[in-house]
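Residues per chain, in single letters:
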Amino acid sequence: MTAAPLTDAEIERLRAQFPILSREVNGHPLAYLDSAATAQKPTRVIEAEAEYYRSANAAVHRGAHTLAAEATELYEDARHTVARFLAVDDDEIVFTGNATDGLNLVAAAIGHASTGRGAGADFPRFALGEGDEILTTELEHHANLIPWQELAARTGATLRHIPVRDDGVLDLDAAVSLISERTRVLALSHVSNVTGIVTPLAAIVPHAKRVGALVVLDACQSAAHLSLRPRDLGVDLAVFSGHKLYGPTGIGVLYGRSEVLAALPPHVFGGSAITTVTLDKAAFLPPPQRFEPGTPRIAQVLGLAEALRFLDDVGLDRVAATEHALAERLLSGLAAVPGIRLLGDAAVAPADRIALASFVVDGVHAHDAGQVLDQVGIAVRVGHHCAQPLHRRLGVTASVRISAGVHTTPAELDRAIDVVASIRPFFGLGEEETS
Ligand code: PMP
């Protein structure tokens, strides 16, 4: 049974939980349509962080005093909340700084294994070398591209890319033919942060698993919009950022299948991640502690757990149903505006995308378009959205991106689309100049 979209009254009640939404920008009510860059925070998340500092602040996993024990319990309870959110085990959750940090963790750990030295010597399973291939895609965010470029450069492995078709969609035939016995890592995003289209993982991931490749999922743009189940998707590792799902900045999650995490060496080194240390050598704790050296991001972890409870209370299936309707409205609204080029295949069904669209206004630089929207309080993202290769592939340097969150109303999208429709006339461009 498909879930019911949120009612108008429910969305109004949700909006009341986000203090920032009541402010004005440039004399107009704020329409925050940049949730894909970072989501706004409900009061309960802001309070969860503040309450920790007010009443329980202490270094976790150390010290015998009561506050330290309480803080440790809160921190590990939060790990359990994240694990439940993904339907995985607690020790499969590693806290990171953000998604970028999580992807770098994985690439750095593989790089370390590949040296065969230091701690890397004890974890040979994922070591890479010449003849091995890392496969990513042409539509990745730079965070899921550059760490693999660097890993390839350090290990001698070859980096390959699943190409994007002219319509901005991954070429699935090419994906299947690029996967071979040489493929050791497949790193791809769950949802493109430029097109908003959900990657058809079922058409790619089984091929990678068949050849024994490690599958790494960038779930940055999916985790807040659909029910994320890494085990059902068959991926080995998955990352996302807390700040994109109504949680704090400075916190991210790396999920790793337990036997995969157990086979990866630590990526950075220090206290709290070790068993015994001599002057010459250290032995490391099992995951997840092995990957969380130093004093962790305790307040942020608690804020993230509260954000996940918030999303659970709303119900991600209902969020998805609501956002599918918003996606439909956004795409059809933009399609009706003359002189707009949407990035990504407009024919992909709303159920296979999130409520996010990037587009080019013919004859107007994305930054100028963004400024017109900002003048009337509408916050959107402009630029290449950290996906230069995809923009280059689609023949543009920059685009305007509108993205929705749980608090977005159809009226806000309509307001943005009306302003978008005014941009070309504002710059003195008529329909005849549309290319
Ligand atoms: N991957 C994707 C698809 C993203 O959209 C983003 C954020 N724009 C990232 C990775 C990186 O996230 P963060 O900046 O929080 O590390």
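Reading guide: rules and limits
Position labels on residues start from 1 in each chain and follow its written sequence. Local features are withheld for residues below a pLDDT of 70 in this predicted model, meaning they are given only at 70 or higher, and side-chain atom pairs are given and counted only at 80 or more; totals for whole chains, interfaces and linings count all residues. Computation of side-chain values covers all heavy atoms of the structure but excludes hydrogens and water. We count a salt bridge whenever a side-chain nitrogen from Lys or Arg sits within 4 Å of a carboxyl oxygen from Asp or Glu. Numbering goes from the N terminus for both helices and strands, where a helix is a DSSP run of H or I of at least four residues and a strand is a run of E of at least two. Each residue's exposure class comes from its accessible area (1.4 Å probe, protein chains only) as a fraction of the maximum for that residue type: buried when under 20%, exposed when over 50%, partly exposed otherwise. The rule for a disulfide is simple: a pair of cysteine sulfur atoms within 2.5 Å. The pairing criterion is simple: DSSP has to find at least two bridges between the two strands. For helices, the axis comes from a line fit to the C-alpha atoms of the stretch in contact; other axes are also lines fit to C-alpha atoms, and the angle between any two N-to-C directions lies between 0 and 180 degrees. Throughout, the edges of the domains are those of an automatic or database domain assignment. Throughout, a residue-residue contact means that at least one pair of heavy atoms, one from each residue, lies within 4.5 Å. What counts as buried area is the accessible surface, traced by a 1.4 Å probe, that two parts surrender upon association, with contributions from both included. Contacts described as polar in this section are N or O atom pairs within 3.5 Å, which, within protein, must combine one atom able to donate a hydrogen with one able to accept it, while residues neighboring in sequence count only if both atoms come from side chains. Think of the arc as the fan of directions from the helix axis to the C-beta atoms. Among the buried residues, those of types Ala, Val, Leu, Ile, Met, Phe, Trp, Tyr and Cys that are joined through side-chain atoms within 4.5 Å form a nonpolar core.

### Regarding the pattern of salt bridges
Side chains carrying opposite charge are able to pair once their charged atoms draw close together.
Here is step 1 of the chain: Scanning the entire structure with this criterion turns up 24 salt bridges.
Here is step 2 of the chain: D34 is the partner of R401 in a salt bridge, and the nearest nitrogen-oxygen pair spans 3.8 Å. In this pair, R401 is assigned in strand β17 (residues 399–403) and D34 in the loop between β3 (31–32) and α2 (43–55), connecting sequence segments 367 residues apart.
Here is step 3 of the chain: By relative accessible area, which is 11% here, D34 ends up buried.
Here is step 4 of the chain: Close ionic contact of R182 with E133 constitutes a salt bridge, the shortest N to O distance being 2.9 Å. Placement of the pair is R182 in the loop between α6 (172–178) and β7 (183–189) and E133 in strand β5 (residues 133–137), with a sequence separation of 49 residues.

### A word on the state of the cysteines
Simply put, the disulfide is a covalent bond whose two ends are the sulfur atoms of two cysteines.
Here is step 1 of the chain: This structure, assessed with the given rule, holds 0 disulfides.
Here is step 2 of the chain: Between C220, a cysteine without a disulfide, and C386, which holds the nearest cysteine sulfur, the sulfur-to-sulfur distance is 10 Å.
Here is step 3 of the chain: The class for C386 is partly exposed, based on a relative accessible area of 24%.

### Some words on the sheet that holds strand β13 (residues 340–342)
Here is step 1 of the chain: The antiparallel open sheet is built from 4 strands, whose spatial order is β13-β14-β17-β16. A single partner strand is all that each edge strand has here, and the edge strands are β13 and β16 (381–383). Strand-to-strand twist in this sheet, taken as the mean axis angle between neighbours without regard to direction, amounts to 30 degrees.
Here is step 2 of the chain: By the bridge criterion, 3 bridges tie β13 to strand β14 (residues 356–361) in an arrangement that is antiparallel.

### Regarding the domain arrangement of the chain
Here is step 1 of the chain: You can read the domains of the chain as domain 1 (8–32 + 315–433) and domain 2 (48–312).
Here is step 2 of the chain: Taken over C-alpha atoms, the centre of domain 1 sits 29 Å from the centre of domain 2.
Here is step 3 of the chain: Taken together, the contact pairs 33 residues of domain 1 with 31 residues of domain 2.
Here is step 4 of the chain: Of the roughly 2,600 Å² buried between domain 1 and domain 2, counting both surfaces, carbon and sulfur atoms make up 62%.
Here is step 5 of the chain: At the junction of domain 1 and domain 2, the tally comes to 2 salt bridges.
Here is step 6 of the chain: Among the ionic pairs, R393 bridges to D166, the shortest N-O distance being 2.7 Å.
Here is step 7 of the chain: Here domain 1 and domain 2 share 15 residue pairs in polar contact (both at pLDDT 80 or more) between them.
Here is step 8 of the chain: Of all the elements in the fold, those that place two or more residues in the side of domain 1 that touches domain 2 are α11 (316–335), β14 and α13 (388–393).
Here is step 9 of the chain: Looking at which element gives the most residues to the side of domain 1 that touches domain 2, the answer is α13, with 5 residues.

### Here we look at helix α1 (residues 8–15)
Here is step 1 of the chain: Looking at α1, one finds that the buried residues are I11, L14 and R15. Buried residues along α1 cover an arc of 100 degrees about the axis, so they all sit on one side.

### Points about the sheet that holds strand β6 (residues 158–162)
Here is step 1 of the chain: Across the sheet, 7 strands lie side by side as β4-β10-β9-β8-β7-β5-β6; this open sheet has mixed pairing. Two strands bound the open sheet, and with one partner strand each, they are β4 (93–96) and β6. When the angles between neighbouring strand axes are averaged without regard to direction, this sheet yields 20 degrees.
Here is step 2 of the chain: Taken together, the 5 bridges between strand β9 (residues 237–241) and strand β10 (residues 252–256) define a ladder with antiparallel strand orientation. Among the inter-strand pairings, A238 is bridged to a residue of β10, identified as Y255.
Here is step 3 of the chain: Of the strands in this sheet, β4, β9 and β10 are in contact with helix α3 (residues 66–86), which crosses β4 at around 115 degrees.

### Looking at the nonpolar core
Here is step 1 of the chain: Of all hydrophobic cores here, the largest spans 76 residues; its most connected members are L86, I93, F95, L245, Y246 and L311.
Here is step 2 of the chain: Top contributing element to this core by residue count: helix α10 (residues 298–314), with 11 residues.
Here is step 3 of the chain: Residue assignment places this core across two domains, with domain 1 (8–32 + 315–433) and domain 2 (48–312) each supplying three or more.
Here is step 4 of the chain: With residues up to four places along the chain from it excluded, the contact list for L245 reads A39, F85, A223, A224, F240, L304, A307, L308 and L311.
Here is step 5 of the chain: Membership of the second largest hydrophobic core comes to 31 residues, among which are A355, V400, A416 and I423.

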